[in-house]
Amino acid sequence: MSLSVPDNLLAQARAGEVDDAAFVACVRDSLPYAWTTITALIEQRDRSGADFADNQVPPPDEASRGQLLRCLASDAMRGALERHFGVRLAFQNCHRVAVFDPAAAEAYGEFVTPRAQILNQSPGLVDC
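Residues numbered from 1 in each chain as written. Predicted model: local features only at pLDDT ≥ 70, side-chain atom pairs only at ≥ 80, totals over all residues. Heavy atoms only, no water.

Turning next to helix α2 (residues 20-30). Regarding α2, the residues found buried are Phe23, Val24, Ala25, Cys26, Val27 and Ser30. Where α2 is buried, its residues contact α1 (7-15), α3 (32-48), α4 (62-73) and α5 (75-85). (Buried < 20%, exposed > 50% of the residue type's maximum accessible area, 1.4 Å probe, protein only. Helix = DSSP H or I, 4+ residues; strand = E, 2+ residues; numbered from the N terminus. Contact = heavy atoms within 4.5 Å.)

What follows concerns the pattern of salt bridges. Following the criterion strictly, the structure yields six salt bridges and no others. The salt bridge involving Asp29 is made with Arg28; its shortest N-O contact spans 2.9 Å. We note a salt bridge from Arg65 to Glu62, for which the minimum N-O separation is 3.2 Å. With a gap of three residues between them, Arg65 and Glu62 both fall in helix α4, about one helical turn apart. Given the relative accessible area of 11%, Arg65 is considered buried. Linked by salt bridges that have partners in common, Arg45, Asp46 and Asp101 make up one network. (Salt bridge = Lys/Arg side-chain N within 4 Å of Asp/Glu carboxyl O.)

If you trace the three strands from one edge of the open sheet to the other, you get β1-β3-β2, paired in antiparallel fashion. Either end of the sheet is taken by a strand with one partner, and the two such strands are β1 (52-54) and β2 (88-92). Mean inter-strand twist for the sheet, computed between neighbouring axes without regard to direction, equals 20°. Two elements, β2 and strand β3 (residues 96-100), share five bridges in a ladder whose sense is antiparallel. For Phe91, the partnering residue across the bridge sits in β3 and is Val97. Strands β1, β2 and β3 of the sheet are contacted by α3, whose axis makes an angle of about 45° with β3. Relative to the sheet, α4 contacts β2 and β3, its axis offset from that of β2 by approximately 130°. (Pairing = 2+ DSSP bridges. Axes fitted to C-alpha atoms, helices over the stretch in contact; angles between N-to-C directions.)

Structure representation (structure tokens):
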């Protein structure tokens, strides 16, 4: 299961639209490794002033890897985090998360090309 949904949030979803802040809190609480990784990258990018910051360190275990995959493979989760933080997220392999300034269209465009994906491959990442 991707998220541990509190009863009040489930009731909200059944009644209609879900508040973005409540959904973001659910993601934060359900996927702490993904949340920590993404927020650390946001802080790194903010400090550096660079167009983007990316994570190149593999997760410590499969549960952590699964959190990143679930978080970034979900359009709803990714979109909510992008709106909440005012960033654009991208993902390669099983752990290379990147956080982009929304104005950094060129850097984002380069990161998400097939060429960048191929160049990011290594034998150690085949089974991730």
